[in-house]
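# A look at the structure
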Amino acid sequence: EASTSLPETGELWHFEIYGSVAAGKKDAKPLEGEYVSVPASFLRRKGVTNPQVVRVYKVNGDCMVSDEVRRMERNIAPGDYVFVDTSRRPRPGDVVVAWWPAGEKMVLKRYRVEGQNIVLYPASPAHPVVVLPSEEDVNIVGVVVARFG
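Because the structure is a prediction, the values reported are computed rather than measured.

### Regarding the environment of Val-119
Within the secondary structure, Val-119 is located in strand S7 (residues 117-121). Taking the C-alpha atoms as reference points, Val-119 and Val-129, 10 residues apart in sequence, are found 7.1 Å from one another.

This is the structure:
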């Protein structure tokens, strides 16, 4: 079980894994039988008070890993789990999970607004920046509030 890398103290919150983040389906349903459990305190420290607004995705790809980030302890790497607060509106600089209809995939990118455009950009220069003319061109699932893996 994935929770073994976290301290097992107090109440545990259990989440179904909704799928992978670098590529996925628009209406992702939980993967049957795949769960992750974390101490409630782990997410409460990140400002999450209601576990029902959290979706968990497994990272599939390295768009959020740059050479600089690879040297840091806190990067989002392939195989990590990201905890997404679906009730939060993104602010510039937040890492988000979004459904990009034109690309027909789920993406994990940093969020930014440039003029009228929504810009989703990776940490790795090997991956494309996604520039969208309006919010109607993307469905922001939520803001990444925690990761582990």
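### Re the sheet that holds S7
The strand order S2-S1-S3-S4-S9-S5-S6-S7-S8 describes an open sheet built from 9 strands, whose pairing is mixed. Edge positions in the open sheet fall to strand S2 (35-39) and strand S8 (130-132), since each of these has one partner strand only. With strand direction ignored, the average angle separating the axes of adjacent strands in the sheet is 40°.

### A closer look at the nonpolar core
Core analysis: the largest hydrophobic core is formed by 17 residues, its most contacted members being Phe-15, Leu-43, Val-56 and Phe-83. Of all the elements in the fold, those that place two or more residues in this core are strand S1 (12-20), S2, helix H1 (40-44), strand S3 (54-58), strand S4 (81-85) and strand S9 (139-148). If you look at the next biggest cluster of nonpolar residues, it comprises 14 residues, including Ile-76, Val-82, Val-95 and Val-144.

### Side note on the pairing of S3
Looking at chain direction, S1 and S3 are connected through 2 bridges and run parallel. Counterpart to Ser-20 in the pairing with S3 is Lys-58. Here 5 bridges tie S3 to S4, and the two strands are oriented antiparallel to one another. Across the sheet, residue Val-56 finds its bridge partner in S4, namely Phe-83.

### Comments concerning the environment of Gly-10
Looking at the element boundaries, Gly-10 is found in the segment before S1. Note: C-alpha distance between Gly-10 and Ser-41 (31 residues apart in sequence) is 7.8 Å.

### What to know about the confidence of the model for the chain
On average, residues of the chain score 77 in pLDDT, and 76% of them are at 70 or above. Within the chain, S4 carries the highest mean pLDDT (92), whereas helix H2 (residues 67-70) carries the lowest (48). Under a pLDDT of 50 for its full length, residues 23-27 has, in the predicted model, 10 contacts with residues more than four places off or in other chains. Low pLDDT, under 50, characterises residues 68-73; the stretch is placed with 7 contacts to residues that sit more than four places away or in other chains.

### Here's the deal with the packing of aromatic side chains
Here the structure, examined in full by the defined rule, presents 6 aromatic pairs. A ring pair is formed by Phe-42 and Phe-83, whose centres lie 5.9 Å apart and whose planes are at 75°; its orientation type is edge-to-face. Placement of Phe-42 in helix H1 and of Phe-83 in strand S4 is noted, with a sequence separation of 41 residues between them. Take Phe-42: its relative accessible area is 10%, and that puts it in the buried class. Measuring from centroid to centroid gives 6.2 Å for Phe-42 and Phe-148, while their planes differ by 90°, and the two rings are edge-to-face. Of this pair, Phe-42 sits in helix H1 while Phe-148 sits in strand S9, and the two are 106 residues apart along the sequence. In this pair, the class of Phe-42 matches that of Phe-148, namely buried. Through a chain of ring-to-ring contacts, three or more aromatic side chains come together here, namely Phe-15, Phe-42, Tyr-81, Phe-83 and Phe-148. Against the face of Tyr-121 rests Arg-112, its NZ or CZ located 4.2 Å from the ring centre.

How each quantity is defined
- Residues numbered from 1 in each chain as written.
- Predicted model: local features only at pLDDT ≥ 70, side-chain atom pairs only at ≥ 80, totals over all residues.
- Heavy atoms only, no water.
- Helix = DSSP H or I, 4+ residues; strand = E, 2+ residues; numbered from the N terminus.
- Pairing = 2+ DSSP bridges.
- Axes fitted to C-alpha atoms, helices over the stretch in contact; angles between N-to-C directions.
- Core = buried A, V, L, I, M, F, W, Y, C linked by side-chain atoms within 4.5 Å.
- Buried < 20%, exposed > 50% of the residue type's maximum accessible area, 1.4 Å probe, protein only.
- pLDDT = per-residue confidence, 0-100.
- Contact = heavy atoms within 4.5 Å.
- Phe/Tyr/Trp six-rings, centres within 6.5 Å; stacked < 30°, edge-to-face > 60°.
- Lys NZ or Arg CZ within 6 Å of the ring centre and 35° of its normal.

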